[in-house]
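# Fold and geometry: a report
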Amino acid sequence: MWLSSVKVLVAVFIIGFVAAAPIGPVNMVAIRRGIVGRWTHTLACGIGSVIGDLLLFALVLMGGSFLLPDLTQPDKAKTAQIVLSLVGALVLLPLGSYFLYKAFKNPVQEYARARRSLRAAPPKHLIMDVLTGGALTIVNPASMLYWVLQTAAWLHLAEGTELGKSAKWWGLAFAGAGLMTWFTILTFFVRFMPDRLGPGFFRVVNILSGLLLIGFGIASAVMFIRGMFYM
């Protein structure tokens, strides 16, 4: 029986790792911040994203009643989806446009300016990175869909194991470990990235970040419009 519990915990660890690994908006922003600043900015973005993912996981895992009891009611859940989609569109579209704008300016000057700004940034800017990582994760429609689909499958696996009623808490812990493992790897990569990846790579990251953010922003806008239309 204990072996089945181990398999369930390994499965949720992998679910967490896979949730963080795709190169989406959070990863690109974290890489960008780490390139022009320090590796601590990448780690801070990662911590924020982990918190955001675990919040979404907890909401689905607890049936919406763990943090927001009203989400157990279909009309309240629909309203929450519409609000989050609107916020996602309002946050992701301007941010993506900003990165694209930066990408097509003088890459050497922009890289040097961003590097000076972040290198001289006070510690409180790391808190902003945490908030940025969390916000980009929570308003990302792909993150919401991922946790809804994966949680149902994982809970089915957890049934009948020795974990019992504590399965949800073990799930949160091991999903968090999987998420944090990815961002630790990403931070290590940024920390020891060769110095030759300078302005040119910075421009590529800006372009990819901009396109990804705009893409997810459009998806959020579509979800908002559909939610308003079918209410």
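Residues numbered from 1 in each chain as written. Predicted model: local features only at pLDDT ≥ 70, side-chain atom pairs only at ≥ 80, totals over all residues. Heavy atoms only, no water.

### Side note on the overall build of the chain
Looking only at helices and strands, the chain has 9 helices and 0 strands in total. Listing each helix as α and each strand as β along the chain from the N terminus yields α-α-α-α-α-α-α-α-α. Carbon together with sulfur atoms contributes 73% to the accessible area of the chain, which is approximately 12100 Å² in total. (Helix = DSSP H or I, 4+ residues; strand = E, 2+ residues; numbered from the N terminus. Areas by Shrake-Rupley, 256 points an atom, 1.4 Å probe, with all protein chains shown as cover.)

### Here we look at the packing of helix α3 (residues 39-61) against helix α8 (residues 167-191)
Where α3 meets α8, the axes come as close as 9 Å, and the angle between the chain directions of the two elements is 160°. Taken together, the axes of α3 and α8 lie roughly antiparallel to each other. Where α3 crosses over α8, the two elements pack in a sense that is right-handed. Where α3 approaches α8, its residues Trp 39, Thr 42, Leu 43, Gly 46, Ile 47, Ser 49, Val 50, Asp 53, Leu 54, Phe 57, Ala 58 and Leu 61 are matched on the opposing element by Lys 168, Gly 171, Leu 172, Ala 175, Gly 176, Leu 179, Met 180, Phe 183, Leu 186, Thr 187, Val 190 and Arg 191. Residue composition of the contact of α3 with α8, grouped by class: 15 nonpolar, 6 polar and 3 charged. (Axes fitted to C-alpha atoms, helices over the stretch in contact; angles between N-to-C directions. Parallel < 35°, antiparallel > 145°, perpendicular 65-115°, else oblique. Left-handed = near helix turned anticlockwise from the far one by under 90°. Contact = heavy atoms within 4.5 Å. Nonpolar A, V, L, I, M, F, W, Y, C, P; charged D, E, K, R; others polar.)

### Some points on the environment of Phe 99
Turning to its location among the elements, Phe 99 is positioned in helix α4 (residues 74-103). Judged by relative accessible area, Phe 99 falls into the buried class, the value being 4%. C-alpha of Phe 99 to C-alpha of Gly 210: the two residues are 111 residues apart in sequence and 4.9 Å apart in space. With near-sequence residues (within four places) excluded, Phe 99 lies in contact with Val 29, Arg 32, Asn 206, Ser 209, Gly 210 and Leu 213. (Buried < 20%, exposed > 50% of the residue type's maximum accessible area, 1.4 Å probe, protein only.)

### Describing the pattern of salt bridges
With the rule as written, the count across this model stands at 1 salt bridge. Here Asp 129 and Arg 33 are joined by a salt bridge, their closest N and O atoms 2.6 Å apart. Here the residue Asp 129 occupies a position in helix α6 (residues 124-138), and Arg 33 occupies one in helix α2 (residues 25-36), the gap between them amounting to 96 residues. The same class applies to Asp 129 and to Arg 33, which are both buried. (Salt bridge = Lys/Arg side-chain N within 4 Å of Asp/Glu carboxyl O.)

### A short note on a nonpolar patch on the surface
On the surface, Val 83, Leu 86, Val 87, Leu 90 and Val 91 cluster together into a nonpolar patch covering about 380 Å² of accessible area. Tracing the backbone through its elements, the reader meets Leu 90 in helix α4. Overall, the relative accessible area of 58% leaves Leu 90 in the exposed class. (Patch = residues over 30% accessible without salt bridge, like charges linked within 9 Å, V, L, I, M, F, W, Y side chains within 5 Å.)

### Some remarks on the confidence of the model for the chain
Averaged over all residues, the pLDDT of the chain is 77; the fraction at 70 or higher stands at 75%. The least confident element of the chain, judged by mean pLDDT, is helix α5 (residues 107-119) at 60; the most confident is α3 at 91. Considering only residues more than four positions removed or in separate chains, one finds that residues 64-72, a stretch of pLDDT under 50, has 17 contacts. (pLDDT = per-residue confidence, 0-100.)

### Focus on α8
Helix length check: α8 (25 residues) gives 36 Å between terminal C-alpha atoms against 36 Å at 1.5 Å per residue, within 8%. All of the buried residues along α8 are Ala 167, Gly 171, Leu 172, Ala 175, Gly 176, Gly 178, Leu 179, Trp 182, Phe 183, Leu 186, Thr 187 and Val 190. (Expected span 1.5 Å × (residues − 1).)

### Quick notes on the nonpolar core
The biggest cluster of nonpolar side chains holds 37 residues, and the ones touching the most others in it are Phe 57, Trp 147, Trp 154 and Phe 183. Secondary structure elements with two or more residues in this core: α1 (2-20), α2, α3, α4, α7 (141-158), α8 and α9 (199-229). Sorting elements by how many residues they give to this core places α8 first, with 8 residues. Ignoring sequence-local partners within four residues, the contact set of Trp 154 consists of Val 8, Ala 11, Val 12, Ile 15, Leu 61, Ala 167 and Gly 171. (Core = buried A, V, L, I, M, F, W, Y, C linked by side-chain atoms within 4.5 Å.)

### Concerning the packing of α2 against α3
At a closest axis distance of 6 Å, the pairing of α2 and α3 adopts a crossing angle of 155°. The angle between α2 and α3 falls in the class roughly antiparallel. When the axes of α2 and α3 are compared, the crossing they make is right-handed. Taken together, the residues of α3 that come into contact with α2 (itself represented by Val 26, Val 29, Ala 30, Ile 31, Arg 33 and Gly 34) are Trp 39, His 41, Thr 42, Cys 45 and Ser 49. Per-class residue counts for the contact of α2 with α3 are 6 nonpolar, 4 polar and 1 charged.

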